[in-house]
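Chain by chain, the residues:
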Amino acid sequence: MALFEREVKFRLAFMEKKAPRWAGPAGILIVLALWQLLCMTGWVSELYLPAPTSILATGWEMTTSGEIAINLKASLFRIGWGFAVGSLVGVLIGLATGFSRLLEAVGNPLIYSLYPVPKIALLPLIILWLGIGEVSKISIISLGVFFPVVINTYSGVKNVDPLLLKVAVSYRTSQLNIIRKVILPAALPVIFAGLKLAAGTSLLLLVAAEMIAAKEGIGAMVLHYGDLMLTTKLMVGVLVLALLGLLFNRVLEWVERRLIPWKSH
Amino acid sequence: MRIVIDQVGKQYAGPDGSPVTALENISLTIEEEEFVVLVGPSGCGKSTLLNMVGGLLAPSSGRIVVEGLTEDRDPSVGMVFQEVGLFPWRTVVGNIGFGLEESKLSPAERQERIQRHIELVGLTGFENSFPHQLSGGMRQRAGIARTLAVQPDLLLMDEPFSALDAQTRTLMQEELLRIWEHHRLSTLYVTHNIQEAVYLADRVVVLSRRPGRVSSVLTIELPRRGRDGAQHLGRFNQYCEHIWGLIRKDAEEALREV
């Protein structure tokens, strides 16, 4: 009688199959090519949808003339300060409400009732209070950044492994040092999730603030060319904003890897 | 240094709000340089008692006193936990140094102390590893080094080896005795493993459950080292069987509950 043998197959191979590196860029290129094709056939007017090539060409002109640099500088200044102030205050208040039962009882109802208010609705009020200058723009961005950061920091503190607190207490560590050496690092991964959420919000509020009252800035630039029906230049502004968002995310991920080396990424 | 546990009791609020007695009228003294092991079935409150001695839980009644302190200050209690509790964001050196940061040692002295304890527990070469890069046995070595580095007055260990595999556990028990000889601290050690208790203890304290009470205290009259050798095998097993006889009924009950 004939006997057979069969090698055992690895049945989970499909789970471990890697996507090729070029898959991501290829997807973008295909969409761009279709877009370009659509414009070249002339079915869609350049006014409504400029071709990718003309956006790039115009973008290059605006970069060499220094127009992008001036506007980008103004925007980076606002978003930089807004993000820094909002996240710093958010982390500090989140640590405080997470650590102290009293501050938790006082702060949480306030935070959770203000959180759902769309921050753009507060912009006219903030301009009324702080004037039309840089301070009101930075403030609205800080406000938008503050909420996701404070809420994530709070929940990060609340979810610190109690065992690590027991360990710290058994070495007679002071309360301030427990916050600094145990609670803050333990909450750091969750805080960073909040910072990444806040990055998106900050970009949104930056553009909104610049559209209402600003001479310089990417948001003002987009609005300006929209009013003039210069769609290609408007699209350059949109492109800059997309790249800015991407850059923001990459920077945060880089900082996160540096600050949280104990997590296996 | 002695630890005197004087008529200590602990009540919890049960799920329906009525009080549940976890421990009742526990009186026990751990003498200078004595290694006392608490054994009992699960749910007998042995970890509760240990946490109260360590100041991580408040007793509902009675008191716990540390006698024979050389200075007028709170005793420094060294605790080793089952899950070790290494800070994931600190390396081995950082973890062992954690408790020393609260002391007034100079950086050089601190470094020296850390290095000495890394050598004592056999972690040389892993100074800069993060906990997730270490095996279970190595993590607990780091935990023990962290506790001993602060030179505590007392040593409390809460099932330190029960998360380890059986072979690593046997080796770590031998290691613990070797390390313990260096400091000879008054020690309270909690385990549910009877062989481990007989292997390590000067005295074994057996707790019963519901409510937790001291049901028996046995002095183990065997030399400290090499108790598992052939010449002591008969005595060793007698102790184990005796303790198992005391615990068995309680353990069976515990098994039937949730």
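Please read these numbers as outputs of a predicted model, since none were measured by experiment. (Residues numbered from 1 in each chain as written. Chains lettered and ligands numbered in written order. Predicted model: local features only at pLDDT ≥ 70, side-chain atom pairs only at ≥ 80, totals over all residues.)

1. Regarding the overall build of chain A
Counted only if it meets this: Helical segments are the DSSP runs of H or I of at least four residues, strand segments are the runs of E of at least two, and each set is numbered from the N terminus. C-alpha atoms define the radius of gyration, and 2.2 Å times the number of residues to the power 0.38 defines the globule rule. Every C-beta atom is placed from the backbone, and the number of other C-beta atoms within 10 Å of a residue's own sets its class: buried at 20 or more, exposed at 12 or fewer, partly exposed in between. Residues are treated as contacting if the C-beta atoms built from their backbones sit within 7 Å of each other.
Secondary structure assignment for chain A yields 11 helices and 0 strands. For chain A, the α and β elements follow one another from N to C terminus as α-α-α-α-α-α-α-α-α-α-α. For 265 residues, the compact-globule formula gives about 18 Å, and the C-alpha radius of gyration of chain A, at 25 Å, lies well above that figure. Each principal axis of the C-alpha atoms in chain A carries an extent, and together these give about 95 × 75 × 30 Å. Burial analysis of chain A (265 residues in total) assigns 30% to the buried set. Of the contacts made within chain A by residues no fewer than 6 positions apart, 74% connect residues no fewer than 24 positions apart.

2. Structural notes on the overall build of chain B
Secondary structure assignment for chain B yields 7 helices and 9 strands. Against the 2.2 N^0.38 benchmark of 18 Å for 258 residues, chain B shows a C-alpha radius of gyration of 19 Å, consistent with a compact globule. Principal-axis analysis of the C-alpha atoms places the extent of chain B at approximately 50 × 45 × 35 Å. The proportion of buried residues among the 258 residues of chain B is 41%.

3. So, unusual backbone geometry
Residues and elements named next belong to chain B. With a phi angle near 50°, Asn 25 is a residue other than glycine that sits in the positive phi range. Along the polypeptide, Asn 25 turns up in strand 2 (residues 19–30). Residue Asn 25 is classed as partly exposed on the basis of its C-beta count, with 15 C-beta atoms lying within 10 Å. Of note in this structure, Glu 33 is not a glycine but carries a positive phi near 55°. Inspection of the secondary structure puts Glu 33 in the loop between strand 2 and strand 3 (35–39).

4. Quick notes on the interface of chain B and chain A
The following threshold applies: Gly is placed with the polar residues, together with every amino acid not listed as nonpolar (Ala, Val, Leu, Ile, Met, Phe, Trp, Tyr, Cys and Pro) or charged (Asp, Glu, Lys and Arg).
Opposite the 16 residues of chain B that make contact, chain A presents 13 residues. When its residues are assigned to classes, the side of chain B that touches chain A shows 10 nonpolar, 4 polar and 2 charged.

5. What to know about the pairing of strand 1 (residues 2–13) of chain B
Residue and element names in this part refer to chain B. What counts, and what does not: Pairing between two strands requires that DSSP report at least two bridges joining them.
Where strand 1 and strand 4 (residues 61–67) come together, 6 bridges link them in antiparallel fashion. In the strand pairing of strand 4, Ile 3 is matched with Val 66. Two strands pair when backbone bridges link them, and strand 1 and strand 2 are joined in this way by 8 bridges, in the antiparallel orientation. Residue pairing in the sheet places Ile 3 in a bridge with Ile 30 of strand 2. Here strand 1 folds back onto strand 2 in antiparallel fashion, the turn holding 5 residues, of which Gly 17 has a positive phi close to 95°.

6. Some remarks on the packing of helix 6 (residues 123–130) of chain A against helix 7 (residues 134–158) of chain A
All names here are of chain A. We apply this condition: Helix axes are fitted to C-alpha atoms over the stretch in contact, other axes to C-alpha atoms as well, and angles between N-to-C directions run from 0 to 180 degrees. Any angle between 65 and 115 degrees counts as roughly perpendicular, while under 35 counts as roughly parallel, over 145 as roughly antiparallel, and the rest as oblique. By convention, the crossing between two helices is left-handed when the near helix turns anticlockwise from the far helix through less than a right angle, and right-handed when the turn is clockwise.
Interhelical geometry of helix 6 versus helix 7 gives an angle of 140° and a closest axis separation of 9 Å. In terms of orientation, helix 6 lies oblique with respect to helix 7. Handedness of the helix 6/helix 7 crossing: right-handed. Every residue of helix 7 that contacts helix 6 at Leu 123, Ile 126, Ile 127 and Leu 130 is listed here: Val 135, Ser 136, Ser 139 and Ile 140. Classifying every residue of the contact of helix 6 with helix 7 gives 6 nonpolar, 2 polar and no charged.

7. Quick look at the environment of Ala198(A)
All names here are of chain A. Among the secondary structure elements, Ala 198 is positioned in helix 9 (residues 175–212). Counting along the chain gives 57 residues from Ala 198 to Ile 141, while the straight-line C-alpha distance between them is 9.4 Å. Contacts of Ala 198, omitting those with residues within four sequence positions, involve Gly 86, Ser 87, Val 145, Pro 148 and Val 149.

8. Examining the sheet that holds strand 1 of chain B
Residue and element names in this part refer to chain B. With antiparallel pairing, 3 strands are arranged side by side in an open sheet as 2-1-4. A single partner strand is all that each edge strand has here, and the edge strands are strand 2 and strand 4. Neighbour-to-neighbour, the strand axes of the sheet open up by a mean angle of 15°, direction not taken into account. In this fold helix 1 (residues 46–53) packs onto strand 1, strand 2 and strand 4, with an angle of close to 120° to the strand it touches most, strand 1.

9. Quick word on the pairing of strand 8 (residues 203–208) of chain B
Successive residues of a regular strand alternate their side chains across the two faces of the sheet. All names here are of chain B. Where strand 3 lies against strand 8, 4 bridges are found, and the strand directions are parallel. In the strand pairing of strand 8, Val 37 is matched with Val 204. As judged from the 6 bridges shared by strand 8 and strand 9 (residues 213–219), these two strands associate in the antiparallel manner. The partner of Val 204 across the bridge, within strand 9, is Leu 218. Hairpin connection, strand 8 to strand 9: the antiparallel pair is bridged by 4 residues, and Arg 210 has positive phi, about 50°.

10. Observations regarding the domain arrangement of chain B
Residues and elements named next belong to chain B. Put simply, the rule is: Residue ranges for the domains trace back to a domain assignment, done automatically or taken from a database.
For chain B, the assigned domains read domain 1 (2–75 + 153–256) and domain 2 (87–152). Summarising the inter-unit geometry, the C-alpha centres of domain 1 and domain 2 are found 25 Å apart. Counting from both sides, the interface comprises 13 residues of domain 1 and, opposite them, 9 residues of domain 2. Those elements that provide at least two residues to the side of domain 1 that touches domain 2 are strand 6 (154–158) and helix 5 (166–183).

11. Brief notes about the nonpolar core
Here is the rule: For this entry, the nonpolar core is defined as buried Ala, Val, Leu, Ile, Met, Phe, Trp, Tyr and Cys residues connected by C-beta atoms within 7 Å.
Residues Val37(B) and Val204(B) are the most contacted members of the largest nonpolar core, which totals 101 residues. With 14 residues, helix 9 of chain A is the largest single contributor of residues to this core. Not counting chain neighbours up to four residues away, the residues in contact with Val204(B) comprise Val37(B), Val39(B), Ala197(B), Val198(B), Leu218(B), Ile220(B) and Ile243(B). One finds Leu234(A), Met235(A), Val236(A) and Val240(A) within the second-largest nonpolar core, a separate group that totals 10 residues.

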